[in-house]
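# Residue-level structure breakdown
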Amino acid sequence: MKKIVPAVWFQHKLTPPSQGQPSAVLELFEAQLAQVTGGLQTPGGGPTGSGNPMVTDDAD
Amino acid sequence: MNVAIGILSLRDDIHALAVKSKIEQRHHARCHVFAARELATRGGLSWSGDAGAPSVLRDLDGELVEPSGLDAIWYRRLGRQQLIPEAADPKYTAEIDAACWTALQGHLLTEFRGCWVSDPEATELAGNKLVQLRAAQRAGLRIPATLVSQDPARIREFCSAHPGAIIKPVRTRGDLAVTAVVSAELLAHDEVLALVPSIYQENIPGTRHLRITMFGDHCHAAVIEAHDLDWRVDMSVPFSVYEPSAQLRAALHGIVRSLGLVMGIFDLKLTPDNDIVFFEVNPQGQFLFVEGLCGLPLGDMFADYLFEQARQHAAQPGGRAELRDRGSQRREVQAS
């Protein structure tokens, strides 16, 4: 039996958001930040496709 | 003056690590990051009812820190679900989560007497989008026509009255659920509409989105030119600095204050008629990407703000020593 999902996710599956475009400027900034924070490797490639964990983390 | 700051967050939170680094570099203050989800894997929490015994938390560097010695805590990320050690029986995951969260919460609420950024209880309440929308209305801001419902008949009625209405979650958990236009197919599935309440809103026209970062008296805004309903799907769109009016600043400050917060990250939209519509406020939203995309030095400014909150607390008469004594006396009263 197919399980039902919350309406938000039902709509999300019907019309998935576009993959989006990364921002070269933001990627450079993240790389600089990684150096400041002691070489932290940013995860990148989040669900928005922006590669920007500063946006996708906790989705807010 | 020795100033000590704590940041409660997650191990890989860039915001926490960047602000810690900036505080240490710019102010030479001690800054400890506590990984809220790693009590089960890293340990380090002890709380004592004996006023003379230390109550400590382990920070990311492995140091045992007494929260009573901190002047400010940035209540950044909670992570109520613990990382579970491989050796632990997963059947007890819920119990592990509950034990760790309750002990951490109780530890901080009883030991820490400094400045919260922002208060934990206020942060929890302010995360509720219904509460935020009401606060925005009371502050005089326009909000979209909104229905939060799981009643299929009322949802269809609302969407009929507001062609192009959008849907978004009442609360985000886990993966990113972007704002989307409600489809006829969704409206035809009563069992899906009825499963959980969702937010249905009027579709506000326009392509200029505002992301406004507030902390203390600071108010820094960026305008994002995006055709997408949800600008987060494409970060290559133009970002630029935006100067909010005094009236808008006052309204946003009013919302932050009424929610009991000291900071908030706002999402709003400018209509083609230059009307401003409030969407939501994130009590602990992301803001460093705005610095990366339009140059506002938010990281430095927030680090300075957090340090100043801590410095002011440390400078109070008696400072931390007096407050520590008060905490001990309170525990003695509770124990008697």
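For clarity, every value in this text was computed on a predicted model and none was experimentally measured.

Below, the discussion takes up the overall build of chain B. What chain B contains, in helices and strands, is 12 helices and 15 strands. Its C-alpha radius of gyration of 22 Å places chain B within 12% of the 20 Å reference for a compact globule of 336 residues. Overall, chain B is about 65 × 50 × 35 Å in size when its C-alpha atoms are taken along their principal axes. For chain B, with 336 residues in total, the buried portion stands at 43%.

What follows deals with the overall build of chain A. For chain A, the helix and strand inventory stands at three helices and zero strands. Along chain A, helices and strands appear, N-terminal first, in the series α-α-α. For chain A, with 60 residues in total, the buried portion stands at 35%.

Residues and elements named next belong to chain B. Here we have four strands laid out as an open sheet, ordered S2-S1-S5-S6, and parallel in their pairing. What marks the edges here is a single partner per strand, and that holds for strand S2 (30–35) and strand S6 (115–117). Adjacent strand axes in the sheet meet at a mean angle of 20° when their direction is disregarded. Here strand S1 (residues 4–9) pairs with S2 via six bridges, running parallel. Along S2, the bridge assignment pairs Ile-7 with Val-33. In this fold helix H1 (residues 14–27) packs onto S1 and S2, with an angle of close to 165° to the strand it touches most, S2.

Our focus in this paragraph is the pairing of strand S11 (residues 208–215) of chain B. All names here are of chain B. Counting buried residues along S11, seven of its eight residues qualify, which places the element largely inside the surrounding structure. Note: S11 against strand S12 (residues 218–225), eight bridges, orientation antiparallel. Bridging across to S12, Met-214 finds its partner in Cys-219. Here S11 folds back onto S12, and the loop between the two strands holds two residues, one of which, Gly-216, carries a positive phi near 55°. The pairing of S11 with strand S14 (residues 263–270) spans eight bridges and is antiparallel. Pairing of Ile-212 across the sheet is with Phe-266, part of S14.

Residue and element names in this part refer to chain A. On average, residues of chain A score 71 in pLDDT, and 62% of them reach the 70 mark or higher. Across chain A, helix H1 (residues 7–14) holds the top mean pLDDT of 94, while helix H3 (residues 53–56) sits lowest at 55. Segment residues 42–51: pLDDT under 50, and 33 contacts once partners within four positions in sequence are set aside and those in other chains are kept.

Quick look at the sheet that holds strand S10 (residues 198–201) of chain B now. All names here are of chain B. Here four strands make up an open sheet; going across it, the order is S7-S10-S8-S9 and the pairing antiparallel. Strand pairing shows two members of the sheet lacking a second neighbour, strand S7 (146–149) and strand S9 (180–181), which therefore form its edges. Sheet topology places S7 next to S10; four bridges connect them, and they run antiparallel. Across the sheet, residue Val-148 finds its bridge partner in S10, namely Ile-199. This element, helix H6 (residues 152–161), spans S7 and S10 of the sheet and lies at about 160° to S7.

Next up on the list: the domain arrangement of chain B. Domains assigned within chain B are domain 1 (4–118 + 307–335), domain 2 (124–142 + 205–283) and domain 3 (146–201). A C-alpha centroid distance of 30 Å is found between domain 1 of chain B and domain 2 of chain B.

Moving on: the confidence of the model for chain B. All names here are of chain B. On average, chain B scores 92 in pLDDT, and the residues at 70 or more come to 94%. Low pLDDT (under 50) marks residues 324–336, which in the prediction has nine contacts with non-local residues, meaning those over four places away or in another chain. On the interface metric, ipTM, the complex scores 0.83, and its pTM is 0.89.

Take the nonpolar core next. Residue and element names in this part refer to chain B. Ranked by internal contacts, the top residues of the largest apolar core, which has 83 residues, are Ile-5, Ile-7, Ala-72, Val-117, Val-290, Leu-306 and Ala-310. Ranked by residues supplied to this core, first place goes to helix H11 (residues 298–314) with eight residues. Of the residues that make up this core, three or more belong to each of domain 1 (4–118 + 307–335) and domain 2 (124–142 + 205–283). Excluding anything up to four places from it in sequence, Ala-72 contacts Ile-5, Gly-114, Cys-115, Val-117, Leu-306, Gln-309, Ala-310 and His-313. Judged by nonpolar contacts, the second largest core, of 17 residues, contains Ile-155, Cys-159, Ile-166 and Ala-177.

Calculation notes
- Residues numbered from 1 in each chain as written.
- Chains lettered and ligands numbered in written order.
- Predicted model: local features only at pLDDT ≥ 70, side-chain atom pairs only at ≥ 80, totals over all residues.
- Helix = DSSP H or I, 4+ residues; strand = E, 2+ residues; numbered from the N terminus.
- Rg over C-alpha atoms; globule rule 2.2 N^0.38 Å.
- Buried ≥ 20, exposed ≤ 12 C-beta atoms within 10 Å, placed from the backbone.
- Pairing = 2+ DSSP bridges.
- Axes fitted to C-alpha atoms, helices over the stretch in contact; angles between N-to-C directions.
- Contact = placed C-beta atoms within 7 Å.
- pLDDT = per-residue confidence, 0-100.
- Domains from an automatic or database assignment.
- Core = buried A, V, L, I, M, F, W, Y, C linked by C-beta atoms within 7 Å.

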